[in-house]
Amino acid sequence: FNMEPVKLFISTNIIVEHKFLNGGILVGKDGKILKVLSKSETLVYRTYKDVEVIDVGDYVIMPGVIDSHVHVNEPGRTDWEGYETATKAAAAGGITTIVDMPLNSIPPTTTVQNFMTKIQAATGKTYVDVAFWGGVIPGNQDELIGLIKAGVVGFKCFMIESGVDEFPFVQPNDIEIAMKTLEKTNSVLAFHAEMNENTPVIGDPTVYETFLKSRPPSMELKAIATVIALAKRHPNVRTHIVHLSAAEALPLIVDAKKSGLNLTVETCHHYLNFKSEDIPNKATQYKCTPPIRDLKNQQILWEAVKHGILDMIVSDHSPCTPDLKELETGNFIRAWGGIASLQFGLSLFWTQLKNHGLSIFDINRYMTHMPAKLTGLHTHKGAIATNYDADFVIWDPHATILIEPSMIQHKNKLTPYMGKKLYGKVLKTVVRGQIVYEDGKQFNSPVGKLLINE
Ligand SMILES: NC(=O)N[C@H]1NC(=O)NC1=O
Ligand SMILES: [Zn+2]
Ligand SMILES: [Zn+2]
């Protein structure tokens, strides 16, 4: 080796591609994987005197989860969520990289100068690696190339009110301008795909159904059809639909993919875990946009995950302070739309996936590899292989966790998952070879890196 090995992780259950390996992972001083070892090779290396051996028995070691859709909100709305608390939650949940959305912070990541402000705010505070999305808003097209050069992994835009004034939504002609700019790059344009249909709000605002009816599936269909039409005119631009909820839109997506369009689609844990029938009156912790729909919709989304029509599963962690959730009035229309869940994704997916014909290896596919590919991080993250970053989650698939306030690292603890018991307990989270989180102990130092010039 051209690098001295410094750590040797050993387990009988290391997830390497679509198999379990009984062996080890040798990590260098630079935090990269030097070599994936067979059982017999580990016997040799474990005798090396300067190698720290971390033998976790039969606990699973797999690539750390990559959550490509997180709203950190710092600076400007750090009381909603910040880099320290968000990345602690990520580390506690086995996530080794988050990708920060361009909005809810003030300033939003829509200019190079704003991006520098964000970088400054995040520096030195993160327990896991952090990459950044840039934003497309009306009129900022001249900033896009600069933002790419400065290190954003791609761009996100809204096709409907975003909820914050600093991040106005775009019209098809703004999208067209952005696509023309991005055509010459390898960047990706992601869409919050709902378009206004001026659906009236009819009924009691404390009843979930009132909110649900105000955001029908047709709003997603309209936006997705618009995205597809624009993408067909600019086929060199990678396009991505964030947080799909409406199952009715899946045929459109299947057709677009069949036609060869470079389109990916994500859904979120909340659309796969909840159904509108069960949401109590005034329970605004369930409010997000697009909304959580009924059981039938949820079942179709699971089928779409199973068949790879939906490419990845992310959190869309978007918390706020309790007052903005309107808990006292229980007004679904006025409450902030956004669900807090960053820490729970691995356990949520693991607990449900067996009921839907998926396997443990699909965690890596849907929650790590595909988000890495979307954000261009797949060249050095998301796999246990030579030269990849030594980003791991070490976890016990049989142990259970109970979601209750004292275990939640998010700044604001309100979450619709409160009280849930899930399978899958994170024991250690390793970022570039360093243990950043260990169950039952304090967090180690904030060694997370900002991924801005990878
Ligand atoms: N602004 C913001 O974070 N919005 C997010 N929240 C949500 O529920 N959907 C979103 O797009
Ligand atoms: Zn969104
Ligand atoms: Zn979002």
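Residues numbered from 1 in each chain as written. Chains lettered and ligands numbered in written order. Predicted model: local features only at pLDDT ≥ 70, side-chain atom pairs only at ≥ 80, totals over all residues. Heavy atoms only, no water.

### Re helix 3 (residues 112–122)
Piece 1. Every buried residue belonging to helix 3 is among Asn114, Phe115, Lys118, Ile119, Ala121 and Ala122, and all of these are buried. Down the axis of helix 3, the smallest arc covering the buried residues is 160°, so these residues share one side. Exposed residues lying more than 90 degrees from the buried face of helix 3 are Gln113 and Gln120.
Piece 2. Residue glycine 124 follows helix 3 closely and has a positive phi angle near 80°. (Buried < 20%, exposed > 50% of the residue type's maximum accessible area, 1.4 Å probe, protein only. Helix = DSSP H or I, 4+ residues; strand = E, 2+ residues; numbered from the N terminus. Arc of directions from axis to C-beta.)

### So, the environment of glutamate 41
Piece 1. Along the chain, the position of glutamate 41 falls in helix 1 (residues 39–45).
Piece 2. Look at glutamate 41 and you get partly exposed, because its relative accessible area is 26%.
Piece 3. Separated by 214 residues in sequence, glutamate 41 and aspartate 255 have C-alpha atoms that sit 48 Å apart.

### A look at the sheet that holds strand 7 (residues 95–100)
Piece 1. Reading across the sheet, the three strands line up as 6-7-8 and stay open at both edges, with parallel pairing between neighbours. Each edge of the open sheet carries a strand with a single partner, namely strand 6 (65–70) and strand 8 (129–132). Put simply, the sheet's adjacent strands are angled 20° from each other on average, direction ignored.
Piece 2. Here strand 7 pairs with strand 8 via four bridges, running parallel. The residue bridging aspartate 100 from the neighbouring strand is phenylalanine 132, located in strand 8.
Piece 3. Across the sheet, helix 2 (residues 83–92) touches strand 7 and strand 8, and the angle it forms with strand 7 is around 140°. (Pairing = 2+ DSSP bridges. Axes fitted to C-alpha atoms, helices over the stretch in contact; angles between N-to-C directions. Contact = heavy atoms within 4.5 Å.)

### What to know about the side chain of arginine 215
Piece 1. Tracing the sequence through the fold places arginine 215 in the loop between helix 6 (208–214) and helix 7 (217–233).
Piece 2. When neighbours within four sequence positions are excluded, arginine 215 is seen to be in contact with Ile160, Glu194, Thr289, Pro291 and Arg293.

### Regarding the coordination of the zinc ion (ligand 3)
Piece 1. At 2.0 to 2.2 Å from the zinc ion (ligand 3) lie its protein donor atoms, namely His69 (NE2), His71 (NE2) and Asp316 (OD).
Piece 2. All donor residues of the zinc ion (ligand 3) come from one chain, and their arrangement in sequence is H-x1-H-x244-D.
Piece 3. A distance of 3.6 Å spans the gap from the zinc ion (ligand 3) to the zinc ion (ligand 2). Just as histidine 69 is buried, histidine 71 falls in that class too. (Donors = N, O, S within 2.8 Å, 3.2 Å for Na, K, Ca; no water.)

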